[in-house]
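Residue-level structure breakdown
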Amino acid sequence: MNRRNFTRMLTLGIAARPFLLGGAARAEEPLKEVRIGYQKTSQLLVVKAQKLLEKRFEPEGVTVKWFEFPFGPPLLEAVNAGSVDFGYTGDAPPVFAQAAHANILYVGAIPTRGNGQSIIVLPNSPIKTLEDLRGKKIGVAKGSSAHNLLVAALESAHVDWNEITPVYLAPADAASAFSRGAIDAWSIWDPFYAIAELKQDARPLPIDPKATEQNFFLLANGDFAARHPAALSAINEEVARASAWSTDHRDETAALFSEASGVDLAAQKRAVAREDFAYGPLDDKVIAAQQATADRFARIGLIPRKINVRDIVWSPKAPS
């Protein structure tokens, strides 16, 4: 999203409503702290590094606390429990969370083309296509966006889920298993994807671009959203601001990510170069795409029941 679109979005009032403890937000419950769950990537890390939320909230006496998570599912467990108010994940974690009746809401979207994740193999692997994955062991973080990528990619190649063996591993464990050849392939996102390319000369399998298109999401605890809608809109506004900055400052963003994560700068530059630093509303197109993800997971039994994504989409209301 460029500066012009960002300015237009603010003008239309899509991204934000000013956060004030008085005035229009007077009917809201007094807010003392905001707890943000983040991963060492994405726009939220930019928000943290530039102290955008601190600048926004602390003049009003509101403390901002940050909690790091290795990937989406444990982050949403914290959001559901109410120990974190707001966070960012890929598309699959909220599907699993909603199926488990978690107290979460979709509050914003980050549309992407999915260039920052892939299904990769070692350079000497005989696997050349998705069809070659039949009978193979594939590492993936359960409930992550890479889980959805794997399901969608196999479906696009007419490979049944039961024809492969998923090996559920957290990214760090999967990286070790991949480098040792303990798994045949790995469905993973950046910067782990970029690291594997640079260190192991990993080779991405060709995937239909329609299968890689995945939206990422900003999510909030349901109780927090009900009590503090203006604060939630303010957080979204700062994420949109960070998105616009990251789009125009990719080298600085890569350096920021590298410093925060300890990942080699070359890998972070590769990851950031293909990242879509977008921000957008939860429109019908985004919701429909997420519903298709949920339906896919229900169809193959990865979640126990069908869910209606729209049931947990936040509808901000002006305080009375």
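Data block above holds the structure.
The shown structure was predicted, so the numbers you read here are calculated from the model rather than taken from an experiment. (Residues numbered from 1 in each chain as written. Predicted model: local features only at pLDDT ≥ 70, side-chain atom pairs only at ≥ 80, totals over all residues. Heavy atoms only, no water.)

Secondary structure summary: the protein chain contains 14 helices and 10 strands in total. Relative to the 2.2 N^0.38 estimate, which gives 20 Å for 320 residues, the radius of gyration of the protein chain is 20 Å and therefore close to what a compact globule would have. Summarising its shape, the C-alpha atoms of the protein chain cover approximately 65 × 45 × 35 Å along the three principal directions. The 320 residues of the protein chain split such that 56% are buried. (Helix = DSSP H or I, 4+ residues; strand = E, 2+ residues; numbered from the N terminus. Rg over C-alpha atoms; globule rule 2.2 N^0.38 Å. Buried < 20%, exposed > 50% of the residue type's maximum accessible area, 1.4 Å probe, protein only.)

Think of an α-helix as turning once every 3.6 residues; residues three or four places apart then point the same way. Listed as buried for helix 4 (residues 72-81) are G72, P73, L75, L76, A78 and V79. Looking at the packing, one finds that the buried side of helix 4 touches strand 1 (33-38), strand 3 (86-89), helix 5 (92-99), strand 4 (104-110) and strand 10 (216-221). Following helix 4 by one or two positions, G82 has its phi on the positive side, about 85°. (Contact = heavy atoms within 4.5 Å.)

Scanning the model with the defined rule gives seven aromatic pairs in all. Geometrically, the ring pair formed by Y88 and F216 is stacked, given 5.8 Å between the ring centres and 15° between the ring planes. In this pair, Y88 is assigned in strand 3 and F216 in strand 10, connecting sequence segments 128 residues apart. The residues Y88 and F216 share a single accessibility class, namely buried. The interplanar angle of 65° and the centroid separation of 4.9 Å between the aromatic rings of Y106 and F217 together place this pair among those described as edge-to-face. Of this pair, Y106 sits in strand 4 while F217 is found in strand 10, placing the two residues 111 residues apart along the sequence. Taken as a pair, Y106 and F217 share a single burial class, namely buried. Here K142 stacks its cationic end above the ring of Y168, 5.2 Å away from the centre of that ring. (Phe/Tyr/Trp six-rings, centres within 6.5 Å; stacked < 30°, edge-to-face > 60°. Lys NZ or Arg CZ within 6 Å of the ring centre and 35° of its normal.)

Time to look at the layout of surface pockets. Counted as a void, the largest pocket has a volume near 590 Å³. As for the largest pocket, its lining consists of 27 residues, of which T112, E213, N215, K285 and A289 are closest to the centre. Those elements that place two or more of their residues in the lining of the largest pocket are helix 6 (145-156), helix 9 (209-212) and helix 14 (284-299). The element best represented in the lining of the largest pocket is helix 14, accounting for seven residues. Partitioned by chemical class, the residues of the lining of the largest pocket number 12 nonpolar, seven polar and eight charged. (1 Å grid on protein atoms, 1.4 Å probe; cavity = no way out; pocket = protein on both sides within 12 Å on 5 of 7 lines; lining within 4 Å. Points joined across faces, edges and corners; volume = space filled by probe spheres on them. Nonpolar A, V, L, I, M, F, W, Y, C, P; charged D, E, K, R; others polar.)

On inspection of all chains with the given rule, the structure shows one cavity of 30 Å³ or more. Computed from the structure, the largest cavity encloses a volume of approximately 320 Å³. Residue lining of the largest cavity: 27 residues in total, with Y88, W189, D190, F216 and E275 positioned closest to the centre. Among the secondary structure elements, those contributing two or more residues to the lining of the largest cavity are helix 4, strand 3 and helix 13 (265-273). Class assignment for the residues of the lining of the largest cavity results in nine nonpolar, 14 polar and four charged.

Moving on to the pairing of strand 6 (residues 137-140). Bridge count between strand 6 and strand 7 (residues 165-168): four bridges; the pairing is parallel. From the neighbouring strand, I138 faces strand 7, where its bridge partner is P166. Of the crossover connections in this fold, the one passing from strand 6 over helix 6 to the parallel strand 7 is right-handed. Relative to strand 8 (residues 185-189), strand 6 is paired through two bridges, and the arrangement is parallel. By the bridge assignment, I138 is partnered in strand 8 with A185. (Pairing = 2+ DSSP bridges. Right-handed = clockwise from strand over helix to strand, strands pointing away.)

Turning our eyes to something else, we now look at the packing of helix 12 (residues 250-261) against helix 13. Two elements in contact, helix 12 and helix 13, have axes separated by 8 Å at closest approach and are oriented at 130°. Judged by the angle between their axes, helix 12 and helix 13 are oblique. Judged by the twist between their axes, the crossing of helix 12 over helix 13 is right-handed. Every residue of helix 13 that contacts helix 12 at R250, D251, T253, A254, A255, F257, S258 and S261 is listed here: L265, Q268, K269, V272 and A273. (Axes fitted to C-alpha atoms, helices over the stretch in contact; angles between N-to-C directions. Parallel < 35°, antiparallel > 145°, perpendicular 65-115°, else oblique. Left-handed = near helix turned anticlockwise from the far one by under 90°.)

So, about the packing of helix 4 against helix 5. Where helix 4 contacts helix 5, the two axes come as close as 9 Å, and the packing angle between them is 45°. Between helix 4 and helix 5, the crossing angle belongs to the class labelled oblique. Helix 4 and helix 5 meet at a crossing whose hand is right-handed. Touching G72, P73 and L76 of helix 4 are P93, P94 and A97, all from helix 5. For the contact of helix 4 with helix 5, the residue count by class is five nonpolar, one polar and no charged.

Without other data, these values stay purely geometric and don't point to any function.
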